[in-house]
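# Coordinates in review
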Amino acid sequence: MMIAENMECIIKSVNDSSGFGERLIQMGVLPGSKMRIVRIGFRGSTVEVVVDEGQSIALRSKELDVLDCRLVSIPLSALTPEQGKKYRIKKFSGGQGFLQKMNDRNVRISTIFEIVDDHPFELKTENGVIAVGRGEAEKIIVEPVD
Amino acid sequence: MTDMDDKSITIAISSIPNTGKSTLFNKLTGAHQAVGNWAGVSVEKKSGHFRLDGYDVTLIDLPGAYSVTPTSIEETIVSNYLLNTPPDFIINIIDARNMYRSLGLTLQLAQSGIPMVVAVNMMDEARRAGMKIDIKALSNHLGCKVVPIVARTGEGIDELKNAILKTLKDPSLFRPPNISRPPVVENAIITLAKKIEKINPDPVLNKTFIAERLLDSGELPKYTQVDKKILEEIVKDVKHLRAKTEMNLGEDMSVTCAKCRFNSARGLVNEATSETIRVPDKFTNALDKVLLNKYAGLPMFFIIMFLLFQGIYAIGTPLQAIIGDFFTLMQSALHETVIFKSLHPFISNLLIDGVLNGAGIVISFFPLIAVFFIFMSLIEDSGYMARAAFLLDRLMHSLGLDGKAFINILLGYGCNVPAIMGTRILSSRHNRIITMLLIPFTLCSARFQVFVFLSAILFAPSVAPWVVTALYAVSFIMVFAIGFLLKLFKFAGKPEPFIMEIPPFRVPTLNTVSIRAWMEMKSFLYRASTFIVAGVVLVWLLTNLPFGVEPGSINTWAGKIGQFLQPVFSPIGIGWREVIALIFGFVAKEIVVGSMAVIYGADTATQILASITPLKGFSFMIFTLLYTPCIATIAAIKSESRSWRITGISLALGLIIAWVMAFIVYQGGLLLGF
Ligand SMILES: Nc1nc2c(ncn2[C@@H]2O[C@H](COP(=O)(O)OP(=O)(O)OP(=O)(O)O)[C@@H](O)[C@H]2O)c(=O)[nH]1
Ligand SMILES: [Mg+2]
């Protein structure tokens, strides 16, 4: 499973009968629960997630693999170019100045795009290609369009 | 009213981890159970007493558990207790800011048939977050009395007691709640419940509850009084019904049961709370941004540990010096008194140079220990413990262990015994054993005293704290090095699933911190006044007998023992006097300090300085750091591992590694010309 800070997903199923799945289930992390990745520790092995009901728990990124998740939202910066894969801009997590800047460049909520390049980011939209810096990409939260 | 008229009943406090069970327990009974802000502080069931208007209550504080289907040892303790020896009454606690997660267990318990009241704790935090809770709605749905409380301050405790009394007197106030389940499950439960009704093995527990437990976990309680044949039949039925429902629903039975419970919980939360609040709160978020930072987090952990140590040292050692001086003054004053002059010199020396000198030096560490545990409990009660575990998880993972095991190792720096018991929060036996083998290499507070004592004598005042710091570093490195060593010998932990709750930061209360420090000091004073004194007296006798030889000389019994062991210890620069101290150090490390004082007699510092070089002293400290911490630790390892082999391995590992490391230090130091 791809993971990135600030990514949100919904658990579809827990494919695991080992201790890990069992414990999560008893804690109320069940199919249908929403999960947000808050931070990824040094060298990526330990992650902190917040489940939708608010509890913060530490897990291993590898173990998240047993969870079958549906991606709900992810920062643009975590994505890579992929032919034909479309995303929609869901929200911006920046201040007023950032919102204004995005608006001026025609990057708006609900804009649908495809990633052509990722350094720097070039997004192909209906109205042409937009370039976005890496720092900016972290503040643009997108969702997959299927 | 007298005790005789009182009816005795048992009430158990049960809830998910870190909701304030022990805090409430302490408030109700006036006991001093350890409280800390992470999941898994209590790993044993503890009992206490209080009086409740006509009832003599035995209150049981249980470890935290998410459900009666256990996934670790502490949870097994809970489910065994609740299912096999049900209490008369349950107090369940809900964390006001985390109701959904708490309610899973609440709903399970409410169905058990054991009368119950629910306490909604942490109301102070909920109020601060602007959260409103509809207690009436909760109470209606759960079918029992619900009381908002703040266990920390005692707010709402009287109301809670009242609710318990009312429910005890009028059982109709309590009725198991309804949980909606898929029809297949419902039918299976009804079928099973009927069968169980027939054998009626358990007068207390609700039959539907037993039936659901059976379906959920597939395990039958041990009903010794029921005919084996009938039980086997029921087991067969359960298997059949489980298979049928799992087929029908396409998922694990335990998932289905949890789903039913948590769906009800979610509905209840939606109905009873005004708005969903963001847990973790702003304060926690802001702190975590810094403390758990990807790059700065780990260095910050070491800096925090270093500052703590500096603080303990800076505050504790001057206080220690004052008490130490006081005892020295007292000794010389007593020697001059008429009473002691009239005694036989052997007796007066035993009392003054033996007992008073030895025990006095140990007791002078009293303030240092107090400051140490005050700082330690700040770490435990603030919530930083779980953060440390998060940061170190990666490193622990390379040993096949995880961040939770690191919590135990960190606890070892206070005292090894509770740290070893604390390994119950680990889910596999294998990982528990490895952690248990590593904990004895932590620099516990008793060893700390030896190092403060010796380094102050052997090194300049500006160097001494650095020597102790270096020993902390050595201890930390050794824990990991030995972890790798064990892995090399295929002794490593199997990578275990790692799930650890990260609690919100809380400001530690004066109460918990002082209780914690006080309990540690009490046990320190107890040790000091009993077997540390005994050990010191023994050492004094050994160094003064047989009659006629020069006290403290090689001709005494101690000298003979030391000489006998000399071949083993001379390669590591440890003389016969220190060997005696090390032997008694097996009992408790504090005795090492006491024995040194007794062996070297009055004016200990000058005497030690005259016969031990700094290098020899450092080698001695390395040995003290790494060999068996104390008898209590060995006993804890034996009782937790239930294996003499593991206990033996731990002993041997400590002695061998201590010797090898001291050898490297001493011979290396000699080569380098120290
Ligand atoms: N703000 C607030 N904190 C509380 C309250 N009650 C307990 N705490 C804190 O919550 C934390 C957990 O308390 P404990 O009593 O150790 O909880 P426990 O349920 O016994 O925990 P385990 O033994 O680990 O299962 C501690 O840091 C307490 O100080 C309360 O009413 N308000
Ligand atoms: Mg507790």
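Residues numbered from 1 in each chain as written. Chains lettered and ligands numbered in written order. Predicted model: local features only at pLDDT ≥ 70, side-chain atom pairs only at ≥ 80, totals over all residues. Heavy atoms only, no water.

### Re the overall build of chain B
Note the cut-off: Each helix corresponds to a stretch of at least 4 residues labelled H or I by DSSP, and each strand to a stretch of at least 2 residues labelled E; elements are numbered beginning at the N terminus. In this setup the radius of gyration rests on C-alpha atoms only. A globule is expected at 2.2 Å times the number of residues raised to 0.38. Burial here depends on accessible area, computed with a 1.4 Å probe over protein chains only, as a share of the maximum for the residue type. Under 20% is buried, over 50% is exposed, and the range in between is partly exposed.
A count of helices and strands for chain B gives 29 helices and seven strands. Computed over its C-alpha atoms, the radius of gyration of chain B comes to 29 Å, within 12% of the 26 Å expected for a compact globule of 674 residues. In terms of its C-alpha atoms, chain B occupies a principal-axis envelope of roughly 90 × 60 × 55 Å. Burial status across chain B gives 57% buried among its 674 residues.

### Some words on the site of ligand 1
Residue and element names in this part refer to chain B. In plain terms, the rule: Any residue with a heavy atom positioned within 4 Å of a molecule or strand is treated as near that molecule or strand. Polar contacts here mean pairs of N or O atoms no more than 3.5 Å apart (in protein, one a potential hydrogen donor and the other a potential acceptor; neighbouring residues in sequence count only if both atoms are side-chain atoms). Computed by Shrake-Rupley with a 1.4 Å probe, the accessible areas treat only the displayed protein chains as cover when residues are assessed. Under the convention adopted here, Pro, Cys and the residues Ala, Val, Leu, Ile, Met, Phe, Trp and Tyr are nonpolar, Asp, Glu, Lys and Arg are charged, and Gly plus all remaining residues are polar.
With respect to spatial proximity, 25 residues lie near ligand 1, and among them Lys21, Thr23, Val41, Ser42 and Asp381 are the closest. A distance of 2.8 Å is found between an oxygen atom of ligand 1 and a side-chain nitrogen or oxygen belonging to Lys21. A distance of 2.9 Å is found between a nitrogen atom of ligand 1 and a side-chain nitrogen or oxygen belonging to Asp124. About the coverage of ligand 1: the protein hides 99% of its 650 Å² of free accessible area. Per element, the largest residue contribution to the shell around ligand 1 is three residues, and it comes from helix H1 (residues 21-29). Residues belonging to the shell around ligand 1 are distributed by class as follows: eight nonpolar, eleven polar and six charged.

### Side note on the coordination of the magnesium ion (ligand 2)
Residue and element names in this part refer to chain B. What counts is decided by this rule: Donor atoms are limited to N, O and S found within 2.8 Å of the metal ion, a distance that becomes 3.2 Å for Na, K and Ca. With water left out, some sites might look partial.
Coordination of the magnesium ion (ligand 2) by the protein is provided by Ser22 (OG) and Ser42 (OG), with metal-donor distances spanning 2.0 to 2.1 Å. A residue pair is termed long-range when its members are at least 10 positions apart, and Ser22 in helix H1 and Ser42 in the loop between H1 and strand E2 (46-52) qualify at 20 residues. As far as the burial class goes, Ser22 and Ser42 line up, both buried.

### Examining the pattern of salt bridges
Once their charged atoms are close, side chains differing in charge can pair, the charge on each being opposite to the other. What counts, and what does not: Salt bridges are defined as contacts in which a side-chain nitrogen from Lys or Arg sits within 4 Å of a carboxyl oxygen from Asp or Glu.
Inspection of every chain in the model, using the stated rule, returns 27 salt bridges over all chains. One salt bridge in this structure joins B:Asp393 and A:Arg60, with 2.7 Å as the shortest N-O distance. Residue B:Asp393 is located in helix H16 (residues 384-397), and its partner A:Arg60 is located in strand E4 (residues 56-60); the two belong to separate chains. Residues B:Asp393 and A:Arg60 agree in their burial class; the two are buried. One salt bridge in this structure joins B:Glu155 and B:Arg127, with 3.2 Å as the shortest N-O distance. Within this pair, whereas B:Glu155 is found in the loop between strand E6 (146-148) and helix H6 (157-169), its partner B:Arg127 is found in helix H4 (residues 123-128), the two being separated by 28 residues in sequence. What makes B:Glu155 partly exposed here is its relative accessible area of 38%. Judged by relative accessible area, B:Arg127 falls into the partly exposed class, the value being 46%.

### Describing helix H22 (residues 510-544) of chain B
Selection criterion: One less than the residue count of a helix, multiplied by 1.5 Å, gives the span that helix is expected to have. A residue's bend is given by the angle between axes fitted to the 7 residues ending at it and the 7 residues starting at it.
With 35 residues, H22(B) should cover 51 Å at 1.5 Å per step; its first-to-last C-alpha distance of 47 Å lies within 8% of that length. The sharpest bend along H22(B) comes to roughly 40 degrees, located at B:Ala528.

### Focus: the interface of chain A and chain B
Condition: Any two residues having at least one pair of non-hydrogen atoms within 4.5 Å are treated as being in contact. Throughout, buried area stands for the accessible area (probe radius 1.4 Å) lost by two parts on being put together, summed over both. A pair of strands is treated as paired once DSSP finds two or more bridges between them.
The interface is formed by 32 residues belonging to chain A together with 37 residues belonging to chain B. Interface area lost by chain A to chain B is led by A:Arg23, A:Gln26 and A:Arg60, which between them contribute 22%. Linking chain A with chain B are three salt bridges. When the shortest N-O distance is used, the salt bridge between B:Lys294 and A:Glu5 registers 3.9 Å. Inspection of the chain A/chain B interface yields 13 residue pairs in polar contact (both at pLDDT 80 or more). Counting residues per element, the ones that place at least two in the side of chain A that touches chain B are helix H1 (19-26), strand E2 (34-40), strand E3 (46-51) and E4 of chain A. Per-element accounting of the side of chain A that touches chain B gives the leading share, seven residues, to H1(A). Grouping the constituent residues of the side of chain A that touches chain B by class yields 13 nonpolar, ten polar and nine charged. Note: E4(A) against strand E7 (residues 500-501) of chain B, two bridges, orientation antiparallel. Each residue of the ladder has a partner; that of A:Ala58, found in E7(B), is B:Met500.

### Examining the sheet that holds strand E10 (residues 140-145) of chain A
The cut-off we apply is this: Interaxial angles span 0 to 180 degrees and are taken between N-to-C directions of axes, which are lines fitted to C-alpha atoms, for helices over the stretch in contact.
Strands sit in the order E9(A)-E8(A)-E7(A)-E6(A)-E10(A)-E5(A)-E1(A)-E2(A)-E3(A)-E4(A)-E7(B) across an open sheet of eleven strands; the sheet is antiparallel. The open sheet has two free edges, formed respectively by strand E9 (128-132) of chain A together with E7 of chain B, since each of these has just one partner strand. Here E3(A) pairs with E4(A) via five bridges, running antiparallel. By the bridge assignment, A:Val47 is partnered in E4(A) with A:Leu59. Against the sheet, H16(B) touches E2, E3 and E4 of chain A together with E7 of chain B, its axis set at about 140 degrees to E3(A).

### Details of the domain arrangement of chain B
Residue and element names in this part refer to chain B. Stated formally: By convention here, the domain bounds are inherited from an automatic or database domain assignment.
You can read the domains of chain B as domain 1 (3-173) and domain 2 (183-272). Summarising the inter-unit geometry, the C-alpha centres of domain 1 and domain 2 are found 25 Å apart. Each partner contributes residues to the interface: domain 1 has 25 residues there, and domain 2 has 19 residues. Both sides together, the interface formed by domain 1 and domain 2 hides about 1,900 Å², and carbon and sulfur atoms give 66% of it. For the domain 1 face of the interface with domain 2, the top three residues by lost area are Leu83, Tyr100 and Gln111, together amounting to 28%. Remark: the boundary between domain 1 and domain 2 carries zero salt bridges. For the pair domain 1 and domain 2, the interface holds five residue pairs in polar contact (both at pLDDT 80 or more). Looking at the side of domain 1 that touches domain 2, the elements that each hand over two or more residues are helix H2 (73-84), helix H3 (99-110) and helix H5 (135-142). Looking at the side of domain 1 that touches domain 2, the element that brings in the most residues is H3, giving seven residues.

### Some thoughts on the side chain of A:Asp118
For clarity, the cut-off: His residues and chain termini do not enter the charge count, which takes Lys and Arg as positive and Asp and Glu as negative.
In this structure, A:Asp118 sits in strand E7 (residues 112-118). No salt bridge is formed by the buried A:Asp118; its nearest oppositely charged neighbour, A:Arg134, is found at 4.9 Å.

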